[in-house]
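Remarks on the overall topology
Spelled out, the chains give:
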Amino acid sequence: MYTIQTLNNIVQCGLDVFGNQYEMITEGEADGILLRSFPMHTMELPASVKAIARAGAGVNNIPVEACTEKGIVVFNTPGANANAVKEMVLASLLLASRNLWDGISWAKSLYGYGDIVPELVEAGKKEYVGNEIRGKRLGIIGLGAIGALVANDALALEMEVIGYDPYVSVETAWRLSRQVQRAVNLEQIFATCDYITIHVPLVEQTRGLLNAHAFRSMKKGVRIFNFSRGELVQEEDLRDALESGIVANYVTDFPNNTVLGMKNVIPIPHLGASTYESEENCAIMAARQLKTYLETGNIRNSVNFPNVELPYFGQKRITVAHKNVPNMVGQMTAFLAEHHINIADMINRSKGSYAYTIIDIDNGVDAHIKESIATKIKNLPGVAAVRIIQ
Ligand SMILES: NC(=O)C1=CN([C@@H]2O[C@H](COP(=O)(O)OP(=O)(O)OC[C@H]3O[C@@H](n4cnc5c(N)ncnc54)[C@H](O)[C@@H]3O)[C@@H](O)[C@H]2O)C=CC1
Ligand SMILES: O=C(O)CCC(=O)C(=O)O
C-alpha cells in the first residue's frame, strides 16, 4: 500500500491510474506527491517522501536541489501540455496584432445605445485597425516542446521564423521544420523580430532574460508573449519599454499587480495549459511515472535523476540514489559479495553530479540481511537514498 499526497486538483483520470493499492491524501505523510503549480519551497518535506511528480512542465515551484540531496526523484511531464500552450500562443499572436482585446472591450461598452449600435460600430472601428501576421518575423526563445510546435505552426501561417536555443535536444531538432532560421545569439532575435515569444524554463540563468538591455535592442513596436514564467521579464524595464512604445503589447500568462497596472498589457490568468486534453495528458503521465517509480524503482522523465529502466517482474530489487563519484557501485556490490548474494541484473546511470543504481538480487535472501545491506549502503558517503523493492 502506498500513499500519495495531492497538492492541487488533479483530474480524476490521473488519480484512477493508481488503483486500489494506493491511498490518496491531501495532508500527512506520503510516499509520493502529485501537484501542478502549488508552491512547495516553504513546505516541510516528510521523510516518507520518495518522489514528487509535477503534472506539467515547469518545476520552479519545487525545491529540486534539496530533493536531489535527499534522493527524492522529481518528475515532470515533458510535452504533455505543449499543444495547449502552442494554441494559446497562436491565439495571442492574433489577439495582440488585431487589437482584439481593446476592440472587444469597446464593442461591449456600446451596450445600451439601442438601434444606433451598428452605426457606432462602423464609425468607431477605425480605432482598432491592426496588422496581419503573414510575412512578419517571429522570434522564438527556447525551442523545446512548446517552442518547436509554435515554430512549425507559425511557418504554416506564413510567418518568417527564427529560433534561439543553444541547448536544443536532438529529438526537438528532428521535429523542427528546416525553414526555421537559427539565431546564434539573442541579439539577432531582438534586433530583427516583430514578435518575440519565450519558451524557456525559469532558472537562475534565464531570470530577467528580457531586461533593459534586451528591450533597447528590439525593434520599435515589437509584441512580446510570455507563456513561460513572469520572472523571465524584468518588470520595471518592461514598464519603460511599454511606456516608450518599444513594446507595443505584452501578452502574459502570469499577471501580477505590478504588471496589471502597465499600459498595453494583455493579461491571461495562467490558462496556457488549461485544456481538458492537456490536464488529462499531464495527470495520467505524472501518475504513471510516480506509480512506476514507487513499484519498480524505474525512472522515466525525472528532472534531477537519470532515466533508468530495468524490466521488473516482481524480483528483489535494491535502488540507490547517490552522488556521481568513483567506486560507489564497487562499494555497494562488495556488501552483497560479503553475504554471498548473487546479482541477477544491474544498471547504473548518471545525470550531472548525481547517479542512480538498480541492483536485482537472487530471491531467497533473508529480509534482515537485505535490511542490513540497505543500511550499510545508506551509510556510505555520497548515498542519498536506498530502497528495497519486493
Ligand atoms: N503557461 C503554462 O501554462 C505553461 C508554461 N510552461 C512553461 O514553459 C516552459 C517551457 O516548456 P516546454 O517547452 O514544455 O519545456 P522544454 O523543456 O521542452 O523546452 C525548454 C527549452 O528551453 C531551452 N532553453 C533552456 N535555457 C535556455 C536559454 N537560456 N536560452 C534559450 N533556450 C533555452 C531548452 O534547451 C529547451 O529546449 C516551462 O519551463 C514552463 O515554465 C510550460 C507548460 C505550460
Ligand atoms: O498546471 C497548470 O495549469 C500550469 C502548467 C504550467 O505552468 C507548466 O506546465 O509549467
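Above this text is the structure in question.
Notes on the structure follow.

About the criteria used
- Residues numbered from 1 in each chain as written.
- Chains lettered and ligands numbered in written order.
- Predicted model: local features only at pLDDT ≥ 70, side-chain atom pairs only at ≥ 80, totals over all residues.
- Heavy atoms only, no water.
- Salt bridge = Lys/Arg side-chain N within 4 Å of Asp/Glu carboxyl O.
- Helix = DSSP H or I, 4+ residues; strand = E, 2+ residues; numbered from the N terminus.
- Buried < 20%, exposed > 50% of the residue type's maximum accessible area, 1.4 Å probe, protein only.
- Near = heavy atom within 4 Å.
- Polar contact = N/O pair within 3.5 Å; in protein donor to acceptor, adjacent residues only side chain to side chain.
- Areas by Shrake-Rupley, 256 points an atom, 1.4 Å probe, with all protein chains shown as cover.
- Nonpolar A, V, L, I, M, F, W, Y, C, P; charged D, E, K, R; others polar.

**Details of the pattern of salt bridges**
Charged atoms that come close allow side chains of opposite charge to pair. Using the criterion set out here, one finds 12 salt bridges in the structure. Note that Arg137 and Glu160 form a salt bridge whose closest N and O atoms lie 2.4 Å from each other. Remark: Glu160 occurs in strand β7 (residues 160–164) and Arg137 occurs in strand β6 (residues 137–141); sequence separation between them is 23 residues. Linking Arg317 and Asp360 is a salt bridge whose minimum nitrogen-to-oxygen distance equals 2.7 Å. Of the two residues, Arg317 sits in strand β13 (residues 316–323) while Asp360 sits in strand β15 (residues 354–361), which places them 43 residues apart along the sequence. The same class applies to Arg317 as to Asp360, namely buried.

**Concerning the site of ligand 1**
Taken together, 26 residues lie around ligand 1, and Ala145, Ile146, Asp165, Phe227 and Asp253 are the ones closest in. Residue Ile146 places a main-chain N or O atom 3.0 Å away from an oxygen atom belonging to ligand 1. Phe227 is positioned with one of its backbone polar atoms (N or O) 3.0 Å from a nitrogen atom of ligand 1. Contact with the protein chains covers 86% of the free accessible surface of ligand 1, which is 850 Å². Classifying every residue of the shell around ligand 1 by side-chain character gives 13 nonpolar, 10 polar and three charged.

**Looking at the site of ligand 2**
Around ligand 2 lies a shell formed by Arg36, Ser37, Arg54, Gly56, Ala57, Gly58, Asn81, Arg229, His270 and Ala273. Here an oxygen atom of ligand 2 sits 2.6 Å away from a polar atom, N or O, in the main chain of Ala57. A distance of 2.9 Å separates an oxygen atom of ligand 2 from a polar atom in the side chain of His270. For ligand 2, the protein covers 90% of the area, taking 300 Å² as the surface of the free molecule. Looking at side-chain class alone, the shell around ligand 2 contains two nonpolar, five polar and three charged residues.

As far as function goes, none of this settles anything; it's purely spatial.
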